Amino acid sequence: MSIDKDNGRDRPIALITGGAKGLGYELSKVLAEQGHDLVLVGRNENALRQASEKLSQSADCKVVVYSLDLSQEQGPLELFNWLQEKKIEVDVLVNNAGSGSYGRFADSDLDILLKMQRLNMQTPSMLTRLLLPGMMQRGRGRILNLASLVAYYTSGPSWSAYVATKHYVLALTRGLAKELAGSGVSTTALCPGPIDTEFSGLSGVNGTRLYRWMPKVDSEKIARVGIRGMMKGRTVIIPGFLNNVLAFLGELPPRVIAQAVFSFLLRGSPNPSPSQEVL
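Let me begin by describing the structure that accompanies this report.

Conventions adopted
- Residues numbered from 1 in each chain as written.
- Predicted model: local features only at pLDDT ≥ 70, side-chain atom pairs only at ≥ 80, totals over all residues.
- Heavy atoms only, no water.
- Pairing = 2+ DSSP bridges.
- Helix = DSSP H or I, 4+ residues; strand = E, 2+ residues; numbered from the N terminus.
- Contact = heavy atoms within 4.5 Å.
- Axes fitted to C-alpha atoms, helices over the stretch in contact; angles between N-to-C directions.
- Parallel < 35°, antiparallel > 145°, perpendicular 65-115°, else oblique.
- Left-handed = near helix turned anticlockwise from the far one by under 90°.
- Nonpolar A, V, L, I, M, F, W, Y, C, P; charged D, E, K, R; others polar.

1. Points about the sheet that holds strand β3 (residues 63-67)
Phase 1 of the analysis: Strand order in the open sheet formed by seven strands is β3-β2-β1-β4-β5-β6-β7, with parallel pairing between adjacent strands. Every other strand in the sheet has two partners, leaving β3 and β7 (236-237) as the edge strands with one partner each.
Phase 2 of the analysis: Where strand β5 (residues 141-146) and strand β6 (residues 185-190) come together, six bridges link them in parallel fashion. Bridge pairing in β6 places L146 opposite L190.
Phase 3 of the analysis: Packed onto the sheet, helix α4 (residues 110-138) meets β1 (13-17), β4 (92-95), β5 and β6 and runs at close to 170° relative to β4.
Phase 4 of the analysis: Seen against the sheet, helix α5 (residues 160-179) touches β5, β6 and β7 and runs at an angle of roughly 155° to β6.

What follows is the structure, encoded as structure tokens:
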């Protein structure tokens, strides 16, 4: 199935990485409901096909899928070349795919660590860099990067590398927002707190006080808040009143206090597993 605009389609096209499951699927669903055709990208081809069928039927949109491991170093470039070959112009880029692991850094699996860094930082950077010039030339475009509430805290013991990657996503989004002012293109960082999805279980963090004590915001609600804010051109979106308070406190000096509180909340997982991942 083709959704290139040369075939007479005038609906905007949204590309969602990791768009077949969890929050990514909810983001895809909201964009489809708002009149977008979709490009879903992820590793699991069966999950992509199932999501495509549900979305195309429920929202009467066109959906194409591309099965690809974006944690591979050349994955983003392969995806971009495929889009060029299919003559697909992306109007909305959602950098949702990510991975995480919980456990002592010294015990972490090196391969999983490097994949996480590539998927959480390099992949959104490369896709944004590759697709941004076309958006700027057309004078319109929206980019949504999935960051996290943890990006507002200076460090996360037993979660140090993951927290660092989310710091990068938030910083990149804020910097690009300034660069793109007046261009018709905007970048937005979506910074949710704990969500009850597959990610928390597979990453090994769902046994921490943070995930046991903090209220979970529904992923569909997060998706709707995130897409609405992105379309308005907001730079940062933090769903939920309590999460906004925690983000504010995380940036207040002296940050050592916030660091101590965050360290306390990250304790409590009985069997942290440094080898778990989710893509």
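2. Overview of the packing of helix α1 (residues 22-33) against helix α8 (residues 219-231)
Phase 1 of the analysis: Where α1 meets α8, the closest approach of the two axes is 8 Å, and the angle between their N-to-C directions is 55°. Judged on the interaxial angle alone, α8 and α1 are oblique. As for how α1 packs across α8, the hand of that crossing is right-handed. Across the interface between the two elements, L23, E26, L27, K29, V30, L31 and E33 of α1 pack against S219, E220, I222, A223, R224, I227, M230 and M231 of α8.
Phase 2 of the analysis: For the contact of α1 with α8, the class distribution of residues is nine nonpolar, one polar and five charged.

The quantities given are spatial measurements derived from coordinates; they are silent on function.
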